[in-house]
Amino acid sequence: MNIVALPLLIPFALAISLLLFRSPTIGRWVGPLGSFAIFIVSLYLFSNLQTNGILTLNMGGWDAPFGIVLVIDYLSALMLVVSSLILVVVSLFALRFLTDDIPLNRFYFFFFTLAMGMNGAFITGDVFNLYVWFEVMLISSFVLITMGKKKEQLEGGIKYLALNLIGSFLFLAGLGLLYGKTGTLNMAHLAEILRNDNQAVLMNTSGILFFVAFGIKAAIFPLYFWLPASYHTPNITITTLFAGLLTKVGVYTFIRFFTLFFVQDQPFWHNLLLITAGFTMVIGGMAAASYYETRRILSYHIISQIGYMIMGLGIFTPLAIAGAVFFTLHNMIAKTGAFVASGMIAKIKGTYQLKEIGGLYKDNPLLAVLFIIPAFALAGIPPLSGFFAKFMLIKAGFENGNYIITAVALLTGILTLYSMIKIWNEAFLKKQPDNQAGKVDVKLAWPDYLPLTILATASVLMGIFAASVFSYTMEAANQLIEPSHYINSVLKNKMP
Amino acid sequence: MNSIILQIASKYVRWLLVIFSVIILLRGHNAPGGGFIGGLLAGLSLAYKGFAFTPELLKTEMKVKPESFMGLGLMLIFISVWPGVFIKSAFMEGIWFTIPFPFTEGYKFGTPFLFDIGVFFTVIGVTVLFLFSLSNNKSWK
């Protein structure tokens, strides 16, 4: 199945073309059209997966477990589809919202390398290859943060890079231990070895290294400090790109590793996951409540919502895993939407400070409608996508008897609602404060509304067609909980 | 830096470095060497001029931009991925053929070698770009 490599090769080719042809008019076309091509390929792969089952490709003709395998199962395919939708939206958003100090071609170059790293992380079936894709993402995102050449961007970028590099070192250390103990880095092969070994508890050392490394990438409770330190500094386009994608890759690897091969010693891992999930939710939600700058509120919000995804993994029933996947997909869309909306507000008013703005509901009702959809989706109001995601998680929590974490999740919902209503009240309902000096009111043209319209539509559609999304995520969860299908399609029963 | 000796020497040493880098590139794959280290050496030969004179002089005298080096290299890498699909089965599968050469058993060439040349050019571009970025005083506002 050679098409499996296309999500990697298309962004790579697009990045090269941007490097060779440096005229801005080319970048203007290559960016959105290229992202759209990635989206189409992801959809095609998803439909192919439904007919043919799990897709694998042995790169370079080396059979698993000796070579690097690319694997697309339901989880990978769902993540690919939604993340490439985010790519399309952000590429359109960038056309209108990048400031002049960032050359469009340079932005799209690193945009596509980031996309390549992300797609690679989603489809690889090899632990070391995953590390390489993480590094590709880390380098591209560091360049993107510091692209505006401002001092606070450099500061935020250094914090981001330093903490993520520590994560990468721990990842590499865990990987080394894993390789030393099992002699393989192919995920399916690892699963086969570790699931059938009664001494697999000894893998907890390397498991905890992975836990910390992915925890840094996914920004869970004690390890999230890089995120609020860096996300409010770059251009809003870049923040939006990161908010939609970066931490979700960390969550993806969490789900992949802790369902596929770190399944021994379940009481320990699941309690650890649930405790960190609870703290992540509450601390993120409370920190968000204390700020009056939209980007900071939403950044802390990302952290808070990561908690829900980890909670689903910690409960570890098929419904809970499906809920975690559903929540991740919904969150990518709705969170990007919220950031796009905050960028539009800032373009109209010239500031992100909620205290200095107001009266947007009267001036711009369309923006108000478009904002309220992702905001209510994040807060979990039916019939939008967030409601079903939270419903699945909470139902799974009650069914499995995890009452404390479920109660925490329900209470955090109120915190989320509170900060969404805060943005709504301050930016939209309240009158424009008089004492503000630079009262700018930029009129938006119709292409400015396009990205948010796509996302709001996607969020509504995900709520309306919740049943089919639910069945896809259940399929993903079943493949994750019972990975024999995954293992067999990668190893093709060749192993002794 | 303004040293006559270094400036005169750079004229000759640079070409030595280029020749040496190509030798290193060619002996790669089965022996120590290859595209990355060869590219570093070739990049060094350009950097040599930058150190002996000024990086600005190098910047004005270089007819090919470092970005184009990187683009060319990455394109070669991209091209080297494809023959495997059409001739054999999977992406990046190595295709080898032997070029007969008198008095030897012939030279083996293949797509991994093309990949290595791609790495070679990419690394040249990156090295020179590093030199340029480090030499200009970018101000962070």
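Everything quoted here is computed from the prediction, not taken from an experiment.

1. So, the overall build of chain B
Thinking step 1. Helices and strands together make up the secondary structure of chain B, namely 6 helices and 2 strands.
Thinking step 2. Each helix and strand of chain B, placed in order from N terminus to C terminus, yields the pattern α-α-α-α-α-β-β-α.
Thinking step 3. In terms of principal-axis extent, the alpha carbons of chain B reach across some 55 × 45 × 25 Å.
Thinking step 4. Here chain B holds 141 residues, and the buried ones make up 35% of them.
Thinking step 5. A separation of at least 24 residues holds for 66% of the contacts in chain B among residues at least 6 apart in sequence.

2. What to know about the overall build of chain A
Thinking step 1. From N to C terminus, chain A includes 20 helices and 2 strands.
Thinking step 2. Relative to its length of 496 residues, chain A is compact, with a C-alpha radius of gyration of 22 Å against a globular reference of 23 Å.
Thinking step 3. Considering only C-alpha atoms, chain A reaches an extent of 75 × 55 × 40 Å along its principal axes.
Thinking step 4. The burial tally for chain A puts 59% of its 496 residues in the buried class.
Thinking step 5. Summarising the internal contacts of chain A: among those between residues at least 6 apart in sequence, 80% fall at separations of at least 24.

3. Comments concerning the nonpolar core
Residue and element names in this part refer to chain A.
Thinking step 1. In terms of nonpolar packing, the biggest core is built from 212 residues, with Leu78, Leu313, Val325 and Leu393 touching the most fellow members.
Thinking step 2. The leading source of residues in this core is helix α13 (residues 318–349), at 19 residues.
Thinking step 3. What Leu78 contacts, discounting residues up to four positions off in sequence, is Val325, Leu329, Tyr472 and Ala476.

4. Here we look at the packing of helix α4 (residues 104–123) of chain A against helix α5 (residues 127–145) of chain A
Residue and element names in this part refer to chain A.
Thinking step 1. Look at α4 against α5: their axes get within 8 Å of each other, and the N-to-C directions meet at 155°. Classed by the angle they form, the pair α4 and α5 counts as roughly antiparallel. The chirality of how α4 crosses α5 is left-handed. Every residue of α5 that contacts α4 at Phe110, Thr113, Leu114, Met116, Gly117, Met118, Gly120 and Ala121 is listed here: Leu130, Trp133, Phe134, Val136, Met137, Ser140, Ser141, Val143 and Leu144.
Thinking step 2. Per-class residue counts for the contact of α4 with α5 are 12 nonpolar, 5 polar and no charged.

5. So, the interface of chain B and chain A
Thinking step 1. Chain B puts 20 residues into the contact, and the matching count from chain A is 18 residues.
Thinking step 2. Put simply, the parts of the chain that give the side of chain B that touches chain A at least two residues each are α4 (66–81) and α5 (83–87) of chain B.
Thinking step 3. Counting residues per element, the side of chain B that touches chain A draws most heavily on α4 of chain B, which supplies 8 residues.

6. So, the environment of Pro11 of chain A
Residue and element names in this part refer to chain A.
Thinking step 1. Following the sequence through the fold, Pro11 ends up in helix α1 (residues 6–20).
Thinking step 2. Residues Pro11 and Val30, spaced 19 residues apart in sequence, show a C-alpha to C-alpha distance of 10 Å.
Thinking step 3. Not counting the four nearest positions on each side in its chain, Pro11 is found in contact with Ile38, Phe112, Ala115, Met116 and Asn119.

7. Overview of the environment of Val81 of chain B
All names here are of chain B.
Thinking step 1. Locating Val81 in the fold gives a position in helix α4.
Thinking step 2. When the 22 C-beta atoms within 10 Å are taken as the criterion, Val81 is described as buried.
Thinking step 3. Sequence-wise, Val81 and Pro112 are 31 residues apart; in three dimensions their C-alpha atoms are separated by 8.8 Å.

8. Some points on helix α3 (residues 74–97) of chain A
Thinking step 1. Taking 1.5 Å per residue, 24 residues should reach 34 Å; α3 of chain A reaches 34 Å between its end C-alpha atoms and fits that length.
Thinking step 2. Along α3 of chain A, 21 of the 24 residues are buried, which leaves the element largely enclosed by surrounding structure.

9. What to know about helix α2 (residues 24–52) of chain A
For the α-helix, the turn length of 3.6 residues means that residues three or four positions removed from each other point alike.
Residues and elements named next belong to chain A.
Thinking step 1. Taking 1.5 Å per residue, 29 residues should reach 42 Å; α2 reaches 41 Å between its end C-alpha atoms and fits that length.
Thinking step 2. Listed in full, the buried residues belonging to α2 are Gly27, Val30, Gly31, Pro32, Gly34, Ser35, Ile38, Phe39, Ser42, Leu45 and Leu49.
Thinking step 3. Next to the buried residues of α2 lie α1, β1 (55–58), β2 (69–72), α3 and α4.
Thinking step 4. Of the residues trailing α2, Gly53 is marked for its positive phi of about 80°.

10. Digging into the packing of helix α16 (residues 385–400) of chain A against helix α18 (residues 446–464) of chain A
Residue and element names in this part refer to chain A.
Thinking step 1. It is the contact of α16 with α18, at a shortest axis distance of 7 Å, that shows an interaxial angle of 45°. Here α16 is positioned oblique relative to α18, judged by the angle of their axes. Here α16 contributes Ser385, Phe387 and Phe388 to the contact with α18, which in turn contributes Ser459, Met462 and Gly463.
Thinking step 2. Among the residues making up the contact of α16 with α18, the classes are represented as 3 nonpolar, 3 polar and no charged.

11. Quick notes on the environment of Ile487 of chain A
Residue and element names in this part refer to chain A.
Thinking step 1. Assignment of secondary structure puts Ile487 in helix α20 (residues 484–491).
Thinking step 2. A tally of 23 C-beta atoms within 10 Å means that Ile487 is categorised as buried.
Thinking step 3. Apart from the residues within four sequence positions on either side, Ile487 is in contact with Ala188, Ala191 and Glu192.

12. Here's the deal with the confidence of the model for chain B
Thinking step 1. For chain B, mean pLDDT is 86; residues scoring 70 or higher make up 96% of the total.
Thinking step 2. Across the assembled chains, the prediction reports ipTM 0.88 with pTM 0.93.

What counts and what doesn't
- Residues numbered from 1 in each chain as written.
- Chains lettered and ligands numbered in written order.
- Predicted model: local features only at pLDDT ≥ 70, side-chain atom pairs only at ≥ 80, totals over all residues.
- Helix = DSSP H or I, 4+ residues; strand = E, 2+ residues; numbered from the N terminus.
- Buried ≥ 20, exposed ≤ 12 C-beta atoms within 10 Å, placed from the backbone.
- Contact = placed C-beta atoms within 7 Å.
- Rg over C-alpha atoms; globule rule 2.2 N^0.38 Å.
- Core = buried A, V, L, I, M, F, W, Y, C linked by C-beta atoms within 7 Å.
- Axes fitted to C-alpha atoms, helices over the stretch in contact; angles between N-to-C directions.
- Parallel < 35°, antiparallel > 145°, perpendicular 65-115°, else oblique.
- Left-handed = near helix turned anticlockwise from the far one by under 90°.
- Nonpolar A, V, L, I, M, F, W, Y, C, P; charged D, E, K, R; others polar.
- Expected span 1.5 Å × (residues − 1).
- pLDDT = per-residue confidence, 0-100.

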